Amino acid sequence: MKKISLLVLGVLTASFLLSAPPGKSYLKRTILSIDSEEGLFKYGADIAIIDNDLYMVENTRHRIIDYTIGDTSLTYKRSVGRKGNGPGDIYLPIGISVLKDVIAVKDEIGISFFDKSGKYLDKFRLFSYNISFVFVNDHVYYLTSNLSSPGLIECFDKKGKLEKTFLKKFVDIDMKHHKKAPQNFIETLFYKGKLLSDGKYLYYFNSKFGKVFKFDLDGKSIFEKDITPLFGENGKLSVEKNTRAIDNGFEVVDGGYLSFPIFQDVRIYKGKIYILDFCPWAADDEKNTNKTTEQAIFVLNPNTLDLEKTYRIKLEEEDRLHCFAIREKKGKISFYCPMHTVDGTDIAEFKQ
Amino acid sequence: MKEKDIPLIYRISILILIIGISMIVNSYSCIMLSLTGVPDRITKNIDRKIDKIILLYGENLCGTCPTGVFLLSLKEKIDILFIVPQEYSQNEIDNLKRSFLIKSKLISGNPETKTYLDRLVSCSKKNPNNRNLYIRLDGVKKIKSIIAF
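Since this is a predicted model, take the numbers as computed values, not measurements.

Q: Can you help me understand the side chain of A:Lys208 in this one?
A: All names here are of chain A. Locating Lys208 in the fold gives a position in the loop between strand E18 (201–206) and strand E19 (211–216). The buried charged residue Lys208 lacks any salt bridge partner; its closest oppositely charged side chain belongs to Glu187, at an N-O distance of 13 Å. Only 2.8 Å separates the side chain of Lys208 from the side chain of Ser259, close enough to count as a polar contact. Those residues in contact with Lys208 that sit more than four places away from it in its chain are Leu189, Phe190, Lys192, Val239, Asn242, Ser259, Phe260 and Pro261.

Q: What should I look at first to understand the packing of helix H2 (residues 28–36) of chain B against helix H6 (residues 111–123) of chain B in this one?
A: Residue and element names in this part refer to chain B. Two elements in contact, H2 and H6, have axes whose closest approach is 8 Å; the angle formed by their N-to-C orientations is 135°. Viewed along their axes, H2 and H6 adopt a mutual orientation that is oblique. The hand of the H2/H6 crossing is left-handed. Along its contact with H2, which presents Ser29, Cys30, Met32, Leu33 and Thr36, the element H6 presents Tyr116, Arg119, Leu120, Ser122 and Cys123. Partitioned by chemical class, the residues of the contact of H2 with H6 number 6 nonpolar, 3 polar and 1 charged.

Q: Help me out: how do you make sense of helix H2 (residues 183–190) of chain A in this one?
A: An α-helical segment advances 3.6 residues per turn. Residues three or four places apart therefore align on the same side. Across the 8 residues of H2(A), 6 count as buried, placing the element largely inside the fold. All of the buried residues in H2(A) are A:Asn184, A:Ile186, A:Glu187, A:Thr188, A:Leu189 and A:Phe190. In this fold, the buried residues of H2(A) make contact with strand E13 (130–136), E18, helix H3 (232–248) and strand E22 (256–258) of chain A together with helix H4 (66–73) of chain B.

What counts and how
- Residues numbered from 1 in each chain as written.
- Chains lettered and ligands numbered in written order.
- Predicted model: local features only at pLDDT ≥ 70, side-chain atom pairs only at ≥ 80, totals over all residues.
- Heavy atoms only, no water.
- Helix = DSSP H or I, 4+ residues; strand = E, 2+ residues; numbered from the N terminus.
- Buried < 20%, exposed > 50% of the residue type's maximum accessible area, 1.4 Å probe, protein only.
- Lys, Arg positive; Asp, Glu negative; His and termini not counted.
- Salt bridge = Lys/Arg side-chain N within 4 Å of Asp/Glu carboxyl O.
- Polar contact = N/O pair within 3.5 Å; in protein donor to acceptor, adjacent residues only side chain to side chain.
- Contact = heavy atoms within 4.5 Å.
- Axes fitted to C-alpha atoms, helices over the stretch in contact; angles between N-to-C directions.
- Parallel < 35°, antiparallel > 145°, perpendicular 65-115°, else oblique.
- Left-handed = near helix turned anticlockwise from the far one by under 90°.
- Nonpolar A, V, L, I, M, F, W, Y, C, P; charged D, E, K, R; others polar.

Written out as C-alpha cells, the structure is:
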C-alpha cells in the first residue's frame, strides 16, 4: 500500500513538473568584473559582440570600449574612437552594428566604420534623427523620420550615397495636436523601434504599436505582423495609450514626452529573434503599481514571429536592462547587458 | 646710486606703443577682415536674390537638436547661400539638403572660407566653439548682422 502511494505521488509530481510552461527558465546572473580603470564606463548606450570581443558604446566619453570576455570578468583591450568630428573621431555615439569584422558606429555626426581591432576605415555624415540602424550587405539601413521623404527606412552605400527609401510612414499625425515640438521629433516618438537583419532579410520592430515589418534587402515587403499580444495586458495598454497620443498629443513630464514602449531591445542571433520586453521601472516611485521584479526575453521564429521560448530575468532593487547582446558558449545562450544597479553601471551576464 | 629718470616723452611713447600693440592684437581679426575682404568663393556665389549667408562649420547638425530645428525653419527659402566645410562629400551635401529641405544654393567652402569664418567669429567676439553663423547682408551685400547658432 505504501509503495502504491509513493508511486502515485511520484506520478503526480512528474506530471506537475512536465505540465510547467515549456521553455520557461530563469537565468543566472553574474556581474562581470572589469579589470582596469580604463574599462569602467558611465553609461552603456549599446552593446555588440564579435567572437570573444564585447564592444560597449560609451556615449558621454565618446568611445567604444573593447573587452575580451572571460568567465566572470571582462578584460579591457582598447578604446575605439576619440572625441571629435574628424576621421577616426566619434561624438556622442549611440549605436553599434557589426558585420563580419567591421564595426559601424552611429554618433551625432554620422556613421563611422572601424575594423574589429579598432582601426578607422571610413565615415560619412548623416543629419536626420537616428531611430535605429543596421549595417548589412555593405549597406547602412537607417530608420529615421525625414521630412523630405515619405519613407522611414533609408538605404545608404558605404560612402553615404542614398540608394533607396522604403516603408511608407504609417501613422497619420495631425500636427495641430503636437504644437510644442517639431514634426520630425514627434514622428520619431511614434516610430521608435529597432532595425535588424540576419544578412538576408531586414526587420523593423516598432516599439510603440507592436508592428513588425519584414523586407528583403531590396526593400520588398515580405510580411507585416502585430506582436502586441506577446506582451500581454501591459502591451495592449501601452499601444492604446500611444494610439490616443496621436490625436491628443503626448503628456509632458519633467520636460520629457511620455510615451509607452512595449519592448526595450531586439536582437537576431543564429536564426532566432530575441526581444527584451519593457520593464516599467518604478524603483523610485513607490506608488507605481506597475513595479515589476522581472524582465523577459522572448525568442521568436523569424519566419512566423511565433513565440518559441521565454527566458526570465529576476531584477533586484534598481536593476534596469535596456539593451543586450547574445553569445553562445558550449551550446548554451548567454545574454550580456549593460545595467544600472544600486552599485552603479555594470555589465551582467545572464545564462542558463 | 641714484637711478636716472626716464624722460617723459619716452614714458608716453612706451605707453602709446603698448596700447597700440594691444589694440592690434585685439583687433587683428577685424583688421585682416577689412584688408582681405570676402573670399571669392563666397562673392562669386552671391547673386541678386541672396541676402543671407549660413556657414555650417559647427557640430551637432542633427535633425531634432536646436540647430536642426532652426535650419528646418528656413526650409523652402531661396535667398540664402549655405556653405559647408570643404571636407563634405557630394553625398553628404545631398544628405544635408534632404534632411533640412534646403532649396537655396549650397556650396562647399575652401581654406579661405574657413579662415574668413575664423576671423568673423573672432572679430565679432563669438564663442569660438560656435561655428554655425547666420549672416544677414544689406542692399550692397555688406554684412549687416551676424548670429551664431
